[in-house]
Amino acid sequence: MKLATLAVGGNPMAVVLLSNGAALNYAACAWDVPGEAGDALRTGTLQALIDAGPDALDALREIVEAAENGACRDARISLDNPFLAPLHTPRKNIFCVGRNYAEHIAEGERAQNAKIGITEHPVYFTKPATAVVGHGGDVLIFPSVSEKIDYEVELAVVIGTTGRDIPKDRAFAHVFGYTILNDITARDVQRRHGGQYFKGKSLDGSCPIGPWIVTADEITDPQDLSISLSVNGELRQNGWTHDMIFDIPTLIASLSEGLTLEPGDIIATGTPSGVGYAMDPPQYLKPGDTVICDIANIGQLKNTVRVA
């Protein structure tokens with residue numbers, strides 16, 4: 001299933017996409033679903049759905065099946081409503097992984113004329129919830145803060161089940177689904193803070209996510225997806241998720257060592273080569289640019305750049 005959050009009448013509404021392209025306000029169709037699953041569905045947020053676990057997801061599948069057969073016609077919503085990020089107010093910072101594609105490391109070494117190398121363990125940083133925007137939202141440029149705004153398309157993993165010290169062979173059991181994330185980065189800010197990632201990757205509007213979450217059962221192999229990004233129609237990044245240095249089970253196992261992962265946590269898994277600062281000459285984002293991230297079996301995340 002594809003699960004999104006739309007702004008309807010100015011208010012967030014969780015929806016599930018139907019096969020005909022319509023969105024279904026599933027909360028309006030869950031009036032007779034009993035127990036905690038029904039309560040979660042009627043709450044009308046994706047966070048509540050994820051929190052409620054497999055029973056709520058199974059109940060939603062039954063609602064979708066009924067809607068596909070003609071039920072709940074009054075609960076259908078146009079996708080012309082603005083998209084918010086699927087989890088538009090995440091409860092925690094977004095977990096992110098740096099330097100997880102070898103060719104991206106290599107282009108960084110060439111651009112910086114420095115040895116970076118592959119690390120023995122994953123490199124982690126975070127992006128705050130205030131950076132999150134949805135599909136169709138604006139990537140912001142703050143000219144007084146940064147003149148070197150860059151892009152990074154990434155596959156993002158959404159955690160569905162609480163866990164700590166998760167073994168690699170159980171990692172996928174903790175995954176709810178997948179979405180697309182664009183790790184917008186102010187390269188000059190990143191450099192002037194000693195290469196420390198957080199500040200340069202945390203400006204408002206620097207974390208587009210969406211357009212929806214695809215549930216894990218819909219993705220046969222998340223390590224075999226094409227992943228690309230274009231700016232104004234020009235292909236910049238073009239890779240495959242199987243090129244990750246640290247695969248998804250390794251990332252979940254490593255991150256969860258002594259750290260509890262919770263339902264709704266988001267893990268961005270790194271970006272392939274083709275980023276703007278490593279081009280010759282460097283190509284940074286400008287006001288009016290249209291950036292499209294594309295990951296197979298998930299969809300396209302589209303955002304426009306503007307001055308804040």
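Up top you'll find the structure we're talking about.
Residues numbered from 1 in each chain as written. Predicted model: local features only at pLDDT ≥ 70, side-chain atom pairs only at ≥ 80, totals over all residues. Heavy atoms only, no water.

**Q** Sorry if this is basic, but what is going on with unusual backbone geometry here?
**A** Backbone phi values are negative for most residues with the exception of glycine, while trans is the configuration of most peptide bonds. Residue P211 follows G210 across a cis peptide bond; omega there is 0°. Within the fold, P211 resides in strand β14 (residues 207–215). The omega torsion of the bond from D280 to P281 falls at 0°, within 30 degrees of zero and hence cis. For P281, the position within the fold is in the loop between β17 (266–268) and β18 (290–295). Located in the positive-phi region is N113, a residue other than glycine, with phi close to 50°. Tracing the chain through its elements places N113 in the loop between α4 (102–112) and β7 (123–127). The exposure class assigned to N113 is exposed, which follows from its relative accessible area of 74%. The phi dihedral of D165 falls on the positive side, at around 55°, and the residue is not glycine. Considering the arrangement of structural elements, one finds D165 in the loop between β11 (153–159) and β12 (175–182). (Helix = DSSP H or I, 4+ residues; strand = E, 2+ residues; numbered from the N terminus. Buried < 20%, exposed > 50% of the residue type's maximum accessible area, 1.4 Å probe, protein only.)

**Q** Any chance you could explain the pattern of salt bridges here in plain terms?
**A** Opposite charge on two side chains permits pairing when their charged atoms draw close. Across all of its chains, the model carries 15 salt bridges by this definition. A salt bridge links D51 to R91; the nearest nitrogen and oxygen atoms lie 3.0 Å apart. One end of the pair, D51, is in helix α2 (residues 46–52); the other, R91, is in the loop between β5 (83–84) and β6 (94–98), and 40 residues separate them in sequence. You can call R91 exposed: its relative accessible area is 54%. With its nearest N and O atoms 3.0 Å apart, the salt bridge here joins R61 to D58. Here R61 and its partner D58 are both found in helix α3 (residues 54–68), three residues apart, which amounts to about one turn of the helix. What makes R61 partly exposed here is its relative accessible area of 30%. (Salt bridge = Lys/Arg side-chain N within 4 Å of Asp/Glu carboxyl O.)

Spatial relationships are all this shows, so hold off on functional conclusions.
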